[in-house]
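# Architecture and fold: a report
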Amino acid sequence: MAVGKNILRKDGYEKLTGAARYVDDVTLEGMLYGKTIRSRIARGRIKSIAYDAAFDWSQIVIADYRDIPGKNYVALIEDDQPLLAENEIRHYAEPILLIAAANKDLLEAAAHHIHIEYEQWSPVLSIEDALACREIIYGTDNIFKRFLIGRGDVEEGFAQAERIIEGEYRVPHQEQLYIEPQGMIAIPGNEAMTLMGSMQCPYYIHKAIKQLFHLNDEQVVVIQMTTGGGFGGKEEYPSVIAAHAALLAHKAQRPVKLIYDRAEDIAATPKRHPGVIRHRTGVRRDGRMVASEIDLVFDGGAYVTLTPVVLSRGVIHALGPYACDNVRIQARAIATNTPPNGAFRGFGAPQVAFAYEMQMEKIAAELGMDSLELRRINMLREGDTTATGQTLIWSVGSEEVLNEAVERANYQAQRLAFSQSHSSIQTSTTNHVEAHKRRGIGLSFFLHGAGFTGSGEAKMKAQAGIEIMANGHPRVLSGSTEIGQGTRTIFSQIVAEELSLDFSAVEIEEPDTSRVPDSGPTVASRTCMVVGRVVQMAAREVKAKLLHFVAERFAAPEVELREGKFMVAEKALADFQEMACEYVNLFGELRCFAHYASPPEIEWNEETYSGDAYPVYSWGAEVAEVEVDMDTYEVTVVRLTTAQDIGRAIHPLLAAGQIEGGTLQAVGYGLLEELVWDQGRIINNRLTNYIIPTALDAPDMETIIVEKAYPHGPFGAKGVGELPINGAAPAIAAAVFQATGAFLSEIPITPERLQAAIEKVTTDEHR
Amino acid sequence: MNAFEYASPTTKEQAVKLLGNSWTEAEVLAGGTDLLSLMKDHIVEPKRLVNIKSIKELGGIAGTAKSGLRIGALVTIQELLDHPRMRKEYAALVQAAEGISSPQIRNMGTIGGDLCQRPRCWYYRAGFGLLGTQESGEPLVPNGDNRYHAILGNSGAALFVNPSSLAPALIAMNARVKIYGAKGQREVALEKFFTAPTTGSQREYDLQPNELVTEIIVPPLARAKSATYEVRQKEALDWPLTTASVVLTMTGNTVKAARIVLGHVAPTPWRSTEAEAAIVGKAVSEATAEAAGKAAVEKAKALSKNGYKIQLAKVAVKRAILLAAKGGTR
Ligand SMILES: Cc1cc2nc3c(=O)[nH]c(=O)nc-3n(C[C@H](O)[C@H](O)[C@H](O)COP(=O)(O)OP(=O)(O)OC[C@H]3O[C@@H](n4cnc5c(N)ncnc54)[C@H](O)[C@@H]3O)c2cc1C
């Protein structure tokens, strides 16, 4: 049995021993190094580009927009983002020119001899500025995309409400901060282009390069190298860097390597969308929600890129794991003159999770009610209906995760103990520093739709296959990438389980578009649940073919495959490997492909944006215990207890790793991480000043995996990758609220923000 | 990083000859934990690196309880922490050194490098010059994001804070630095070593381009009580928001003499004679320590976004005093 076991990771040995090859480890004959020359203004136009005459340009390859053979855009949702600016500049660090040279010294020197002059225009740098429309930078109103979803009668709901509670919440940008920065090598050929690099989605790049050079499917080959993390940051952006490298390679007719250093990577590549989210909730005195109106605005940055899809996940998750019969949710994504925001683990959901959970805290406080009780009254359970009108018919672990987290963290007793200790604190007269510290405990409860939103999966029809190799072992053919999360390991477990083989017998083909089919992008918590399912179906087909073959060969109709052997009752006929080899010898090959089909129960209406937004949801609850220094505003997270329903843990250790890693990333979101902007440029684009939590900042974590099987996932599995990043920020803010009485409606909870909030409580009390 | 020449002299005389007459010619390389990142980011672009790690006489800690300490400039942060006499006699220095995490930085970073490390001001680190100015010369810090910038000594052009946590502790201990250069040997009080530059081409410390810090001399302290208190946003791989180091000479619970120095609040380590005056002659209590903290920030002036640091500095001074009086252990 392979599923449910903590087998050794498939990619572990190479990574641990340093044998794994990342893109920057590769040097090719005749290769040039590329560099991007970027704008140094947020908005305006290019007046002139001058090249110092004294410099020897003969050794430098220069490409600008005129060198683009196809159209000058990055193929994504809308084709509004130019690959290289022609005239107008819409954000700081926008690519204008590309240069390449045989060594990096020459490259740096050349960069110093290019002078670009601009005419500066007044930039739009915040959500408020964009909505105020003083400058129009997109369409007629600066709005990229709108959604309106809802059900019931909101006015009627508010009329029934005994209390109406309003809240406004603000969430910041967040940088993915994968360890390996973005990088790509482009190798030109005769009517061909090969790209190898760090990426999540080889087929996105495949599509972008085909369009750019008017090449066909076979002429473009995209190969994923060992990738040092992605977190969404290597979903859409690698298409840009690949196109840039390819342009230079095309012009130079030599391979070109383009690798960003950390400063460039943080300055220029997409971040999590910042947002402002307003809630207006009508409740009855007993806590039951009767009306909910939510308005959310995300800052998309300068170009559309993936923003509409992020917004769509945001709007669908905006009400959280709660039931309310009368709901109206308005969502807008606006344009600013900042680098485009894009995919980041969670994809719109962590933003709204902070808002809906803080709103629950606020409602509870205003009703004088326990917030856990409030959650229990309003939570979604099996059979309930969500804001899009989806009835939850399967795999609903909401009660289980809430109960587990609360029990394991001893939440109620601790909450009581802390609230009593606060009321008994006197102004201390001892010399004891500790007297200034206060403890608090807080809870968050959340869900995450697994797979693409709406009809995305039905349209995508993800493909994957299995082929039998010459040695009779199976090899998985899939475009899903390993980015540290465990794709290779879990795929081998799924196949091993299905074919009753040892997992070490299963090989995973390199994600290379000339060798693997399009399994869709490695995003949206879909790799295990969706692609894993397709891999399982392909394995089943291999099995069926071999069973049929063996049955005929041995004239034994009742053959079964058990523990790697074909059996009739208790008698072994032959083992898997032997029969698989024989099949391949006889028929030339054994390859089976399967593609994803949505469960027939699932229905989504794209026009009305209603119905089954996701085939299934993963559920989470998290308890944070914090200690706050009331004089220095230092917040220490003492303990985090997380319970998550992920259907089935194919590899429990990897799943727990996803949960702990995502949780710590969310601790950063809640407490530390903040990009600092100055006139449209990021000024803390260094690891020393964009601060993220390290091991010493990591609290004790307890992780509980709940398994409410999903009938259409492989062995019951659903998504786990993104769910954990939703929980920590609101749980910590709720704990800080209990500890200090200060209600933080904006993250990160930095010392200066906490000081302002605590001072507000103190002045309010004295009034 | 630009190409550079690399020299590895074995004596300080050779080293000084290899250093140039201007800052653009050469830089001293000790542990490299700061210098290399400055070079990668093109903030400093020396033509030559003079590695001083092969100069034996710049290493080692020596001295007796009577004579005080001589700490070689190349002594690493970890060596400081491991030295048997440190913890008992120089608690404030040990506590400051302990704040410098990670182990890698403690093992590579030297005391000389800690004192000469360049400011962390993000405008400076993003390429806008030491004083953080637009190409037009317009200063960026006053209207920009100055949440970590100076609250004291901030009436001049320099608004960054001195990044060293060891400097305040050493100044509180009345340490001196020995400097060797083309013109020979000189010695200055560490308190006078740091300066607030008025132009972007100056340095934040009193060194000529062809001078080296060779050692730090710390007077005997066995009978004083000392402590450093740090306020931090994050536990590792980050600088403190504020620190205070205090050295108290006490009779019973009464302070006879005090030296109180704040870190990360001003362009130089900030000695607060106001806080010293407030605590001298008093018995240490919550109230007197608080009063000293208040006195320390009496003249503080917030920029647009760093008002909260005034409170942090006040609390750091108060807690450092209480900690020192208690005997230095938390
Ligand atoms: C993530 C991180 C967190 C940190 N946190 C803290 C902290 O909390 N508190 C703190 O105090 N520090 C902190 N530091 C700074 C660290 O202590 C210094 O980087 C280190 O001490 C510098 O020593 P070095 O030998 O590596 O210096 P180098 O990098 O070699 O040199 C630094 C500078 O000093 C000059 N220099 C070095 N030695 C001499 C000498 N003998 N004479 C003349 N000039 C010299 C160099 O030319 C260079 O300009 C941190 C550093 C990092 C990277």
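Residues numbered from 1 in each chain as written. Chains lettered and ligands numbered in written order. Predicted model: local features only at pLDDT ≥ 70, side-chain atom pairs only at ≥ 80, totals over all residues. Heavy atoms only, no water.

## What to know about the overall build of chain B
Within chain B, the regular secondary structure consists of 13 helices and twelve strands. For 330 residues, the compact-globule estimate of 2.2 N^0.38 gives 20 Å, and the C-alpha radius of gyration of chain B, at 19 Å, lies within 12% of that figure. Here the C-alpha coordinates of chain B stretch approximately 60 × 50 × 35 Å along the principal axes. Here chain B holds 330 residues, and the buried ones make up 60% of them. Counting only carbon and sulfur atoms, one obtains 53% of the accessible surface of chain B, whose full area is about 12,700 Å². The averaged location of the 30 negative side-chain charges in chain B is 6 Å from the averaged location of its 41 positive side-chain charges. (Helix = DSSP H or I, 4+ residues; strand = E, 2+ residues; numbered from the N terminus. Rg over C-alpha atoms; globule rule 2.2 N^0.38 Å. Buried < 20%, exposed > 50% of the residue type's maximum accessible area, 1.4 Å probe, protein only. Areas by Shrake-Rupley, 256 points an atom, 1.4 Å probe, with all protein chains shown as cover. Lys, Arg positive; Asp, Glu negative; His and termini not counted. Charge placed at Lys NZ, Arg CZ, Asp CG, Glu CD.)

## Re the domain arrangement of chain B
Frequently, the measure chosen for interface size is the accessible area that the parts lose on association. You can read the domains of chain B as domain 1 (5-54) and domain 2 (224-325). The gap between the C-alpha centroids of domain 1 of chain B and domain 2 of chain B is 35 Å. (Domains from an automatic or database assignment.)

## Focus on the sheet that holds strand β10 (residues 242-251) of chain B
Residue and element names in this part refer to chain B. Strand order in the open sheet made by the four strands is β9-β10-β11-β12, with antiparallel pairing throughout. Lying at the two open borders of the sheet, with one neighbouring strand each, are β9 (225-231) and β12 (270-271). Two elements, β9 and β10, share seven bridges in a ladder whose sense is antiparallel. Within β10, the residue paired with Thr228 across the bridge is Ser245. Packing against the sheet, helix α5 (residues 91-99) makes contact with β9 and β10, and its axis sits at approximately 20 degrees to β9. (Pairing = 2+ DSSP bridges. Contact = heavy atoms within 4.5 Å. Axes fitted to C-alpha atoms, helices over the stretch in contact; angles between N-to-C directions.)

## Digging into the environment of Glu293(A)
Residue and element names in this part refer to chain A. Considering the arrangement of structural elements, one finds Glu293 in strand β14 (residues 289-299). Between the C-alpha atom of Glu293 and that of Thr281, which follows or precedes it by twelve residues, the distance is 6.3 Å. Setting aside its immediate chain neighbours within four residues, Glu293 contacts Phe158, Arg278, His279, Arg280 and Arg328.

## Here's the deal with the packing of aromatic side chains
In this structure the tally under the stated criterion is 22 aromatic pairs over all chains. An angle of 55 degrees between the planes, with centres 6.3 Å apart, marks the rings of Tyr617(A) and Trp619(A) as tilted. For Trp619(A), a relative accessible area of 0% puts it in the buried group. The rings of Tyr169(A), Phe354(A), Phe737(A) and Phe743(A) are connected pair by pair, giving a single aromatic cluster. The ring of Tyr180(B) carries the charged tip of Lys12(B) above its face, separated from the ring centre by 5.0 Å. The ring of Trp23(B) carries Arg203(B) above its face, with NZ or CZ at 3.8 Å from the centroid. (Phe/Tyr/Trp six-rings, centres within 6.5 Å; stacked < 30°, edge-to-face > 60°. Lys NZ or Arg CZ within 6 Å of the ring centre and 35° of its normal.)

## With respect to unusual backbone geometry
Residue Pro748(A) is bonded to the preceding Ile747(A) through a cis peptide linkage, with omega at -5 degrees. Within the fold, Pro748(A) resides in the loop between α18 (728-740) and α19 (751-766). Looking along the chain, the bond that leaves Ser101(B) and enters Ser102(B) is cis, with omega of 15 degrees. Residue position: Ser102(B) is located in the loop between α5 and α6 (103-108). In this structure, Glu191(A) is a non-glycine residue whose phi angle is positive, near 55 degrees. Mapped onto the elements of the fold, Glu191(A) is located in the loop between β9 (183-189) and β10 (192-197). The exposed category is assigned to Glu191(A), whose relative accessible area is 53%. Phi at Gln679(A) is positive, roughly 50 degrees, even though this residue is not glycine. Within the secondary structure, Gln679(A) is located in the loop between β28 (677-678) and β29 (681-682).

## A short note on the interface of chain B and chain A
Each side of the interface is counted separately: chain B has 40 residues, and chain A has 36 residues. Across the pair Arg686(A) and Asp41(B) runs a salt bridge whose closest N-O atoms are separated by 2.5 Å. In this assembly, chain B and chain A are joined by twelve residue pairs in polar contact (both at pLDDT 80 or more). Elements that contribute at least two residues to the side of chain B that touches chain A include exactly α8 (122-125), β9 and α13 (308-325) of chain B. The dominant element in the side of chain B that touches chain A, judged by the number of residues it contributes, is α13(B), at seven residues. (Salt bridge = Lys/Arg side-chain N within 4 Å of Asp/Glu carboxyl O. Polar contact = N/O pair within 3.5 Å; in protein donor to acceptor, adjacent residues only side chain to side chain.)

## Observations concerning the domain arrangement of chain A
Each assigned domain of chain A is listed with its residue range as follows: domain 1 (24-121 + 194-252), domain 2 (400-446 + 618-765) and domain 3 (456-595). Taken over C-alpha atoms, the centre of domain 1 of chain A sits 40 Å from the centre of domain 2 of chain A.

## What to know about the site of the ligand
Residue and element names in this part refer to chain B. Surveying the vicinity of the ligand reveals 34 residues, the closest of which are Val28, Gly31, Thr33, Thr110 and Ser165. Here Gly32 contributes a backbone N or O atom positioned 2.7 Å from an oxygen atom of the ligand. Here an oxygen atom of the ligand sits 3.4 Å away from a polar atom, N or O, in the main chain of Cys116. Taking 970 Å² as the accessible area of the ligand by itself, protein coverage stands at 96%. Contributions of two or more residues to the shell around the ligand are made by β2 (26-29), α7 (111-116) and β8 (211-218). Three or more residues apiece are contributed to the shell around the ligand by two domains, here domain 1 (5-54) and domain 2 (224-325). (Near = heavy atom within 4 Å.)

## Notes on the packing of helix α17 (residues 652-671) of chain A against α18(A)
For any two helices packed against each other, one specifies the crossing angle of their axes together with the interaxial distance. Residues and elements named next belong to chain A. With their axes 7 Å apart at the nearest point, α17 and α18 run at an angle of 55 degrees to one another. As summarised for this structure, α17 and α18 are arranged oblique, according to the angle between their axes. For α17 against α18, the interelement crossing comes out right-handed. Across from Thr663, Ala666, Val667, Tyr669, Gly670 and Leu671 in α17, the residues of α18 making contact are Ala728, Ala729 and Ile732. Considering only residue class, the contact of α17 with α18 consists of seven nonpolar, two polar and no charged. (Parallel < 35°, antiparallel > 145°, perpendicular 65-115°, else oblique. Left-handed = near helix turned anticlockwise from the far one by under 90°. Nonpolar A, V, L, I, M, F, W, Y, C, P; charged D, E, K, R; others polar.)

## A short note on the nonpolar core
Membership of the largest hydrophobic core comes to 157 residues, with the highest contact counts inside it found for Ile329(A), Ile732(A) and Ile321(B). For this core, the element with the highest residue contribution is α13(B), accounting for eleven residues. Formed by 52 residues, the second largest nonpolar core is a distinct cluster that contains Met529(A), Ala539(A), Ile602(A) and Ile650(A). (Core = buried A, V, L, I, M, F, W, Y, C linked by side-chain atoms within 4.5 Å.)

## Describing the confidence of the model for chain B
With 99% of its residues at a pLDDT of 70 or more, chain B shows a mean pLDDT of 96. We note a pTM of 0.97 for the whole complex and an ipTM of 0.95 for its interfaces. (pLDDT = per-residue confidence, 0-100.)

## Thoughts on the sheet that holds strand β21 (residues 565-568) of chain A
Residue and element names in this part refer to chain A. The three strands are arranged β20-β21-β22 in an open sheet whose pairing can be described as antiparallel. Each of the sheet's edge strands pairs with one partner strand only, and the pair in question is β20 (559-562) and β22 (571-575). Between one strand and the next, the sheet's axes are offset by a mean angle of 35 degrees, whatever the strand orientation. In terms of strand pairing, β20 meets β21 through four bridges, oriented antiparallel. Counted as the bridge partner of Leu561 is Phe566 from β21.

## Let's talk about the pattern of salt bridges
All names here are of chain A. Inspection of every chain in the model, using the stated rule, returns 86 salt bridges over all chains. We note a salt bridge from Glu482 to Arg9, for which the minimum N-O separation is 3.0 Å. Of this pair, Glu482 sits in the loop between β18 (474-477) and α14 (487-498) while Arg9 sits in the segment before α1 (12-17), and the two are 473 residues apart along the sequence. The class for Glu482 is buried, based on a relative accessible area of 6%. Judged by its relative accessible area of 27%, Arg9 is partly exposed.

## Structural notes on the pairing of strand β1 (residues 32-38) of chain A
All names here are of chain A. With six of its seven residues buried, β1 lies for the most part within the structure. The sheet contact formed by β1 and strand β12 (residues 256-259) spans two bridges and is parallel. What sits directly across from Leu32, in β12, is Val256. The pairing of β1 with strand β5 (residues 95-101) spans six bridges and is classified as antiparallel. Counted as the bridge partner of Lys35 is Ile99 from β5.

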